[in-house]
Amino acid sequence: MAKADLSANWLETPIGPLLVVASDTHLHAIEFHDEEAPPEPALRIGRKLGAIIRMDGDSPALAQAMDELRYYFLGKSAQFHVPLFYDGSEFERRVWEELLLVPLAETCSYGDIARALDQPGAARAVGEANHVNRIPIIIPCHRCIGADGSLTGYGGGLWRKKWLLRHEGQMRPVGLFAEGF
């Protein structure tokens, strides 16, 4: 059974164009793109999501996601309030929910997430859940790094992961402002 039609639009960012996909009420996906020309990405993600994607679509959730992502890339806000629709296994959803708790400009290891889920041997499964995350940036899988502190695989490319972490480091309040004054 196909999901309801989804709306999509392109957002130009410092890390390349993003295809942002949403229903009227929820954000469903964000995809990085380098060379693929429209409309191929929309057709491909539509097949993945089991939906028809309307390019240059308009929906409240799409507009909200686009605005929040623009503010993020401008360095003005890392707060995302758009409702998220993420389907996956129970374990994947638990990983993504745990990632949402990782503070701005901080990192954790795959093992840290596994231990937080009371499954200390599941670091590789956490990595796989990160790999299938359809809402990168907002579900911040880029904040997950190797146990030794190394940057490990990222679906958008390691250069994007590094850029996102540096960008967030510059956005993090310091001094008195870090204390919430």
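Residues numbered from 1 in each chain as written. Predicted model: local features only at pLDDT ≥ 70, side-chain atom pairs only at ≥ 80, totals over all residues. Heavy atoms only, no water.

Under an unreviewed UniProt entry, the name given to the chain is methylated-DNA--[protein]-cysteine S-methyltransferase, and the organism recorded is Metarhizobium album. Annotation of the chain in UniProt includes, under Sequence similarities (unreviewed entry), the sentence "Belongs to the MGMT family." (UniProt positions renumbered as here; feature names shortened; annotations may be inferred.)

Chemist: What's the story with the nonpolar core in this structure? I'm lost.
Modeler: Buried together is how nonpolar side chains tend to be arranged in soluble globular proteins. Within the largest apolar cluster, 40 residues are counted, with the highest numbers of intra-cluster contacts made by Val-20, Leu-27, Leu-69, Val-95, Ile-113 and Ile-137. Of all elements in the fold, only strand 2 (18-22), strand 3 (27-32), helix 2 (60-73), helix 3 (90-99), helix 4 (110-116), helix 5 (123-131) and helix 6 (158-171) reach the threshold of two or more residues within this core. Mapping this core onto the domain boundaries places at least three of its residues in each of domain 1 (5-74) and domain 2 (90-171). The residues touching Leu-69, leaving out its near neighbours within four places in the chain, are Leu-11, Val-20, Ile-30, Phe-80, Ile-137 and Ile-138. Leu-6, Leu-19, Ala-29 and Ala-42 belong to the second-largest nonpolar core, a separate cluster that totals 10 residues. (Core = buried A, V, L, I, M, F, W, Y, C linked by side-chain atoms within 4.5 Å. Buried < 20%, exposed > 50% of the residue type's maximum accessible area, 1.4 Å probe, protein only. Helix = DSSP H or I, 4+ residues; strand = E, 2+ residues; numbered from the N terminus. Domains from an automatic or database assignment. Contact = heavy atoms within 4.5 Å.)

Chemist: Looking at this structure, I do not really get the pattern of salt bridges. What am I missing?
Modeler: Oppositely charged side chains can form a pair if their charged atoms are brought close together. What the rule picks out here adds up to nine salt bridges. Across the pair Asp-34 and Arg-160 runs a salt bridge, and its minimum N-O distance is 2.6 Å. Linking Asp-34 in the loop between strand 3 and helix 1 (40-49) with Arg-160 in helix 6, this pair joins segments that are 126 residues apart in sequence. Here the salt bridges do not stand alone but share partners, grouping Glu-31, Arg-44 and Lys-48 into one network. (Salt bridge = Lys/Arg side-chain N within 4 Å of Asp/Glu carboxyl O.)

Chemist: Please clarify how the side chain of Arg-143 should be interpreted in this entry.
Modeler: Inspection of the secondary structure puts Arg-143 in the loop between helix 5 and strand 6 (144-145). Classification of Arg-143 as buried rests on a relative accessible area of 7%. Setting aside anything within four residues of it in sequence, one finds Arg-143 in contact with Val-102, Pro-103, Leu-104, Ala-105, Glu-106, Thr-107, Cys-108, Leu-165 and Glu-168.

Chemist: I would appreciate a short explanation of the layout of surface pockets in the present structure.
Modeler: To find leftover empty space, one rolls a probe the size of a water molecule over the atoms. Approximately 550 Å³ is the volume attributed to the largest pocket. The wall of the largest pocket is formed by 32 residues, among which His-131, Val-132, Asn-133, Arg-134 and Gly-155 lie closest to the centre. Counting residues per element, the ones that place at least two in the lining of the largest pocket are strand 3, helix 1, helix 3, helix 5 and helix 6. Broken down by element, the residue count for the lining of the largest pocket peaks at five residues, all from strand 3. Tallied by class, the residues present in the lining of the largest pocket amount to 14 nonpolar, nine polar and nine charged. Of the domains in this structure, domain 1 (5-74) and domain 2 (90-171) are the two that each give at least three residues to the lining of the largest pocket. The space that makes up the second largest pocket amounts to roughly 240 Å³. Along the walls of the second largest pocket sit Ala-78, Gln-79, Phe-80, His-81, Val-82, Leu-84, Leu-100, Leu-104, Ile-137, Ile-138, Pro-140 and Arg-143, which together make up its complete lining. In the lining of the second largest pocket, the residues fall into nine nonpolar, two polar and one charged. (1 Å grid on protein atoms, 1.4 Å probe; cavity = no way out; pocket = protein on both sides within 12 Å on 5 of 7 lines; lining within 4 Å. Points joined across faces, edges and corners; volume = space filled by probe spheres on them. Nonpolar A, V, L, I, M, F, W, Y, C, P; charged D, E, K, R; others polar.)

Chemist: Sorry if this is basic, but what is going on with the side chain of His-28 here?
Modeler: Counting through the fold element by element, His-28 comes out in strand 3. Among the polar contacts made by the side chain of His-28, one reaches the side chain of Ser-23 at a distance of 3.5 Å. (Polar contact = N/O pair within 3.5 Å; in protein donor to acceptor, adjacent residues only side chain to side chain.)

Chemist: Teacher, can you tell me more about the domain arrangement of the chain here?
Modeler: Often, the extent of an interface is quoted as the loss of accessible area on bringing the components together. When its domains are assigned, the chain resolves into domain 1 (5-74) and domain 2 (90-171). With centres defined by C-alpha atoms, the gap from domain 1 to domain 2 works out at 21 Å. At the junction of the two partners, domain 1 supplies 16 residues and domain 2 supplies 15 residues. Of the roughly 1,400 Å² buried between domain 1 and domain 2, counting both surfaces, carbon and sulfur atoms make up 69%. Linking domain 1 to domain 2 there are one salt bridge. Where the side of domain 1 that touches domain 2 is concerned, the elements lending two or more residues are strand 3, helix 1 and helix 2. It is strand 3 that provides the largest number of residues to the side of domain 1 that touches domain 2, a total of five residues. Along the lines of polarity and charge, the residues of the side of domain 1 that touches domain 2 split into 11 nonpolar, three polar and two charged. (Buried area = accessible area lost by both parts, 1.4 Å probe.)

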